[in-house]
Number of protein chains: 2
Amino acid sequence: MFSIGQLSRRTGVKVPTIRYYEGLGLIVPEGRTEGNQRRYDKAGLDRLAFIRHARALGLPLEAIRELIMLDPTSHADTHRIATTHLADVRKRIARLRQLEAELARIVQSCDGGPGHECDILAALGDHGKCDGAH
Amino acid sequence: MFSIGQLSRRTGVKVPTIRYYEGLGLIVPEGRTEGNQRRYDKAGLDRLAFIRHARALGLPLEAIRELIMLDPTSHADTHRIATTHLADVRKRIARLRQLEAELARIVQSCDGGPGHECDILAALGDHGKCDGAH
DNA sequence: CTTGAACCTCTAGCGACTAGAGAGATTACA
DNA sequence: TGTAATCTCTCTAGTCGCTAGAGGTTCAAG
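It should be emphasised that the depicted structure is a prediction, and the values quoted were computed from it without experimental measurement. (Residues numbered from 1 in each chain as written. Chains lettered and ligands numbered in written order. Predicted model: local features only at pLDDT ≥ 70, side-chain atom pairs only at ≥ 80, totals over all residues. Heavy atoms only, no water.)

## Some words on the overall build of chain A
Item 1. Per the secondary structure count, chain A includes 6 helices and 2 strands.
Item 2. The contacts of chain A with a sequence gap of at least 6 include a subset with a gap of at least 24, amounting to 42%.
Item 3. Put simply, chain A shows about 7,400 Å² of open surface, and 50% of that area lies on carbon and sulfur atoms. (Helix = DSSP H or I, 4+ residues; strand = E, 2+ residues; numbered from the N terminus. Contact = heavy atoms within 4.5 Å. Areas by Shrake-Rupley, 256 points an atom, 1.4 Å probe, with all protein chains shown as cover.)

## Description of the packing of helix H5 (residues 75-108) of chain A against helix H5 (residues 75-108) of chain B
Item 1. For the pair H5 of chain A and H5 of chain B, the least separation of the axes is 9 Å and the interaxial angle reads 155°. Considered as vectors, H5 of chain A and H5 of chain B are oriented roughly antiparallel to each other. Between H5 of chain A and H5 of chain B the crossing geometry is left-handed.
Item 2. For the contact of H5 of chain A with H5 of chain B, the residue count by class is 16 nonpolar, 6 polar and 8 charged. (Axes fitted to C-alpha atoms, helices over the stretch in contact; angles between N-to-C directions. Parallel < 35°, antiparallel > 145°, perpendicular 65-115°, else oblique. Left-handed = near helix turned anticlockwise from the far one by under 90°. Nonpolar A, V, L, I, M, F, W, Y, C, P; charged D, E, K, R; others polar.)

## With respect to the packing of aromatic side chains
Item 1. With the rule as written, the count across this model stands at 2 aromatic pairs over all chains.
Item 2. Ring centres of Tyr20 of chain A and Tyr21 of chain A lie 6.1 Å apart, and the angle between their planes is 45°; on these two criteria the pair is classed as tilted. (Phe/Tyr/Trp six-rings, centres within 6.5 Å; stacked < 30°, edge-to-face > 60°.)

## Side note on the protein's contact with DNA strand D
Item 1. Neighbouring DNA strand D are 18 residues, the closest being Tyr21 and Arg55 of chain A together with Ser3, Arg19 and Arg38 of chain B.
Item 2. A breakdown of the atoms of DNA strand D within 4 Å of the protein gives sugar and phosphate a share of 88%.
Item 3. Ser3 of chain B places a polar side-chain atom, nitrogen or oxygen, 2.6 Å from a phosphate oxygen of DNA strand D.
Item 4. With respect to DNA strand D, the side chain of Arg32 of chain B contributes an N or O atom lying 3.2 Å from a phosphate oxygen.
Item 5. Among the elements of the structure, helix H2 (15-23) of chain A together with helix H1 (4-11) of chain B are those that each provide at least two residues to the surface near DNA strand D. (Near = heavy atom within 4 Å. Polar contact = N/O pair within 3.5 Å; in protein donor to acceptor, adjacent residues only side chain to side chain.)

## Quick look at the pattern of salt bridges
All names here are of chain A.
Item 1. Under the counting rule described, the total for this entry stands at 16 salt bridges over all chains.
Item 2. Between Arg80 and Asp77 there is a salt bridge whose closest N-O contact spans 3.8 Å. Taken together, the residues Arg80 and Asp77, both in helix H5 and 3 residues apart, mark about one turn of the helix.
Item 3. According to the relative accessible area criterion, Asp77 is partly exposed, its value standing at 30%.
Item 4. What emerges from the salt-bridge pattern is a single network uniting Glu22, Arg32 and Arg38. (Salt bridge = Lys/Arg side-chain N within 4 Å of Asp/Glu carboxyl O. Buried < 20%, exposed > 50% of the residue type's maximum accessible area, 1.4 Å probe, protein only.)

## Section: the packing of H1 of chain B against helix H3 (residues 42-56) of chain B
Residues and elements named next belong to chain B.
Item 1. It is at 10 Å that the axes of H1 and H3 come closest, and there the two elements cross at 45°. Put simply, H1 runs oblique to H3. In terms of crossing hand, the pair formed by H1 and H3 is right-handed. Residues Leu7, Arg10 and Thr11 of H1 form the contact with H3, whose own contacting residues are Leu45, Leu48, Ala49 and Arg52.
Item 2. In the contact of H1 with H3, the residues fall into 4 nonpolar, 1 polar and 2 charged.

## Quick notes on the protein's contact with DNA strand C
Item 1. Close to DNA strand C lie 18 residues, the nearest being Ser3, Gly5 and Arg19 of chain A together with Tyr21 and Arg55 of chain B.
Item 2. In DNA strand C, atoms within 4 Å of the protein come 86% from sugar and phosphate.
Item 3. A distance of 2.2 Å is found between a phosphate oxygen of DNA strand C and a side-chain nitrogen or oxygen belonging to Arg19 of chain A.
Item 4. Backbone polar atom of Leu61 of chain B to a phosphate oxygen of DNA strand C: 3.3 Å apart, as the coordinates give it.
Item 5. Elements with a contribution of two residues or more to the surface near DNA strand C: helix H1 (4-11) of chain A together with helix H2 (15-23) of chain B.
Item 6. Ranked by residue count, the leading element in the surface near DNA strand C is H2 of chain B, at 3 residues.

## Structural notes on unusual backbone geometry
Item 1. For Asn36 of chain A, which is not glycine, the phi dihedral falls at a positive 75°.
Item 2. Structurally, Asn36 of chain A can be placed in the loop between strand E1 (31-32) and strand E2 (38-39).

## Observations concerning H1 of chain A
All names here are of chain A.
Item 1. Inspection of H1 places Ile4, Gly5, Leu7, Ser8 and Thr11 among the buried residues, and these make up the whole buried set. Angularly, the buried residues of H1 cover 160° about the axis, an arc narrow enough to put them on a single face. Residues of H1 that are exposed and point more than 90 degrees away from the buried face comprise Arg9 and Arg10.
Item 2. Buried positions along H1 lie against H2, E2 and helix H3 (42-56). (Arc of directions from axis to C-beta.)

## Some details on the nonpolar core
Generally speaking, nonpolar side chains in soluble globular proteins are found buried as a group.
Item 1. Grouped together as the largest cluster of nonpolar side chains are 75 residues, with contacts concentrated most on Leu59 of chain A together with Leu59 of chain B.
Item 2. With residues up to four places along the chain from it excluded, the contact list for Leu59 of chain B reads Leu124 of chain A together with Ala54, Ile64, Leu67, Ile81 and His85 of chain B. (Core = buried A, V, L, I, M, F, W, Y, C linked by side-chain atoms within 4.5 Å.)

Set out below in structure tokens:
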């Protein structure tokens, strides 16, 4: 049996966050003490480790809830959620790479030295020079 | 003179968002009509276009506020803000690429077909197989 | 039995908006 | 000039994934 603090220390998830997850129905303590404090068993520990790892991978809590709720033998659903998230991550990477290219271009337009024409502000205000992706 | 709706249509920034920006002090209408409606001039339009483009590049509103407030001839500050943001974007890309690699590995561990051992749930719960970056 | 740490619930805040209520202003057209 | 349609006003609350704090209770060690 673990207290919420022990669970927190073992998983690296902060105490208020665990309670927050409980509010969302993602994890429920096995029981309570007479004094109303939460007590967890090994299953609770595993569940929280699962949530934490999935979060570290960037899955939104809603997707994690789906993973928890669905039939663990249903490969199709599991696969769908993971694949969707992978596609999402790839989209975000693509977008960030565009931003990176444009920002790099803007920063290079000025060497930061004094007495030099600085184009950064103008470049930020002027959409015309961009690829038009945004 | 533009109404808030005209400004919205010309810049692609939604009306409530313009008012939200005003609450943060990023843009102020040139004046108001007798009936208390906002009216903007060309400077307001340019200012909003600037904000929109900077946002599209991912700059947080706080950074945009800095850019607006600072002396436009001060290259150093401008350069610093843009460079900081570029570094931030690069960090986020690096992190997402790690996630992508791991997710791809996890998804590949299961072909989604029936009657097949699916490792996705196990892989999500088990941090041990990861590079340990998260 | 006392102390101090850990725990409880509840509320509010972050960033960057978005949605909606309910009321008032403006504009286009007849 | 009237009226109807559209626009705008302020205000509040919701989104996501937490985090921080107030004010009070319980637990475990010495």
